[in-house]
Amino acid sequence: MRPIANTRSAAGIPTGRLAVWWVVGSEIVIFGGLLVAYIMYRLSHPEWAGHAANTNVVAGGLNTLILLSSSLSAVLAHQAAERGDGPRAARLLGLTILGALGFLTVKSIEWTMEIQHGFTITANSFWSFYYTAAGIHGLHVIAGAIIMAIVARDAREGRELHRVELIGIYWHFVDLVWIFLFPLLYIAK
Amino acid sequence: MSEDGHDTSYVKVWMVLVGLLIVSIVGPMFEIQAVTLVTAFGVAVVKAFLVAKYFMHLTVQPRFVVYIVCGCLAMMVVFWAGVAPDVYKWEGVNWKKEHVIQEPAGDSHSDLLGDPADRHDRPRT
């Protein structure tokens, strides 16, 4: 069986890492388009400040803290993988998954309260943007957590340690998107 | 740098990020637009830079990786530049938004792009 190529001789970068950067690039266009559209609408609608005042800054801030902390555990997992310490990388990835679950838990509570107050996705354009942007981001959190669980399972046995870095790059990007979503959806009132 | 030194530097970056998060929450409480812009959005850019540089190690990737990222950001700007004139120019560019033009000034924005809850049912000509 031919081994799977994992390094591009011309590019000088592992194929997996190159692929993840392409994924990140395409995600920039997806989230960037959404955020730019939001900003254009927001500037045209001063009344959206009133709608944004109904978002929960404490929940948004807590989720930002959770994601920043999970990014720290992800980069430490990458560092452990580079040292060849698979079990430690797996444990740190487990911490990152916990962060993802914490984020989703806070988000679920927050959305439940908002929906109970009548702020549904069809309430008005602001809430449509809010649920669309945060929802797509949430799907990325779920996908990241699932992939991390698979990578952590292999890493625990010392296999495919290079994947720890790859899922880390993706996870940091998910964190990065939230860094911009937080002020746009929660702070700008 | 020692391995523990790497751990320490990552933790330091995280602490700076948490500090900036606090600034981005507290700053807008003063309700001064300039302060809000700087503390919320300016700080977000700084936080994004720190995450990209220190956690994603973007600056030590081959240069073409940076080109990929910047190219996709440029695509976003092109999309925005293509759409923005039609969004902001109420008399239209490639078409006329006649129902907007006929609205009294100040009410037209919310009618075109506004919230269904806020929108009035108006006949469109």
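This structure is a prediction, so every number in the text was calculated from the model and none was measured.

Let's talk about the pattern of salt bridges
Residues and elements named next belong to chain A.
Okay, so step 1: With the rule as written, the count across this model stands at 6 salt bridges over all chains.
Okay, so step 2: For E165, the salt bridge goes to R17, with nearest N and O atoms at 3.1 Å. Here E165, found in helix α6 (residues 162-187), pairs with R17, found in helix α1 (residues 15-44); they are 148 residues apart in sequence, far enough to count as distant.
Okay, so step 3: Assessed through its relative accessible area of 18%, R17 is described here as buried.
Okay, so step 4: A salt bridge links E157 to R159; the shortest N-O distance between them is 2.5 Å.
Okay, so step 5: Taken together, the shared-partner salt bridges connect R153, D154, E157, R159 and R163 into one network.

Comments concerning a nonpolar patch on the surface
Okay, so step 1: A contiguous nonpolar surface patch, about 460 Å² in accessible area, is contributed by I39 and L43 of chain A together with V77, W80 and Y88 of chain B.
Okay, so step 2: Of all elements in the fold, only α1 of chain A together with α3 (63-88) of chain B reach the threshold of two or more residues within the nonpolar patch.
Okay, so step 3: A total of 3 residues in the nonpolar patch trace back to one element, the largest contributor, which is α3 of chain B.
Okay, so step 4: Within the secondary structure, Y88 of chain B is located in helix α3.
Okay, so step 5: Classification of Y88 of chain B as partly exposed rests on a relative accessible area of 32%.

Remarks on the interface of chain B and chain A
When the parts come together, some accessible area is lost, and that loss is often what is quoted as the size of the interface.
Okay, so step 1: Tallying the contact residues gives 50 residues for chain B and 54 residues for chain A.
Okay, so step 2: Together chain B and chain A conceal approximately 4100 Å² of surface at their shared face, both sides included; 76% is due to carbon and sulfur atoms.
Okay, so step 3: For the pair chain B and chain A, the number of links is 0 salt bridges.
Okay, so step 4: Those elements that provide at least two residues to the side of chain B that touches chain A are α1 (3-26), α2 (33-55), α3 and α5 (108-113) of chain B.
Okay, so step 5: With 14 residues, the single largest contributor to the side of chain B that touches chain A is α3 of chain B.
Okay, so step 6: Residue composition of the side of chain B that touches chain A, by class: 37 nonpolar, 7 polar and 6 charged.

A closer look at the packing of helix α3 (residues 57-82) of chain A against helix α4 (residues 86-116) of chain A
All names here are of chain A.
Okay, so step 1: Their axes nearest at 8 Å, the elements α3 and α4 cross at an angle of 165°. Relative to α4, α3 is oriented roughly antiparallel. Two packed elements cross with a definite hand, and for α3 against α4 that hand is left-handed. Judged by residue contacts, A59, L62, N63, I66, L67, S70, S73, A74, L76, A77, A80 and A81 of α3 engage R88, A89, L92, L93, L95, T96, G99, G102, F103, V106, K107 and E110 from α4.

Digging into the packing of α1 of chain A against α6 of chain A
Any two packed helices are characterised by how steeply their axes cross, that is the angle between the axes, and by the distance between the axes.
All names here are of chain A.
Okay, so step 1: Packing of α1 against α6 brings their axes to within 10 Å, and their N-to-C directions diverge by 10°. Put simply, α1 runs roughly parallel to α6. Seen from α1, the contacting residues are G16, R17, V20, W21, V24, E27, I28, F31, L35, Y38 and I39; seen from α6, they are E165, L166, I169, Y170, F173, V177, F180, L181, L184 and L185.
Okay, so step 2: Of the residues in the contact of α1 with α6, the class split is 17 nonpolar, 1 polar and 3 charged.

Rules used throughout
Residues numbered from 1 in each chain as written. Chains lettered and ligands numbered in written order. Predicted model: local features only at pLDDT ≥ 70, side-chain atom pairs only at ≥ 80, totals over all residues. Heavy atoms only, no water. Salt bridge = Lys/Arg side-chain N within 4 Å of Asp/Glu carboxyl O. Helix = DSSP H or I, 4+ residues; strand = E, 2+ residues; numbered from the N terminus. Buried < 20%, exposed > 50% of the residue type's maximum accessible area, 1.4 Å probe, protein only. Patch = residues over 30% accessible without salt bridge, like charges linked within 9 Å, V, L, I, M, F, W, Y side chains within 5 Å. Areas by Shrake-Rupley, 256 points an atom, 1.4 Å probe, with all protein chains shown as cover. Contact = heavy atoms within 4.5 Å. Buried area = accessible area lost by both parts, 1.4 Å probe. Nonpolar A, V, L, I, M, F, W, Y, C, P; charged D, E, K, R; others polar. Axes fitted to C-alpha atoms, helices over the stretch in contact; angles between N-to-C directions. Parallel < 35°, antiparallel > 145°, perpendicular 65-115°, else oblique. Left-handed = near helix turned anticlockwise from the far one by under 90°.

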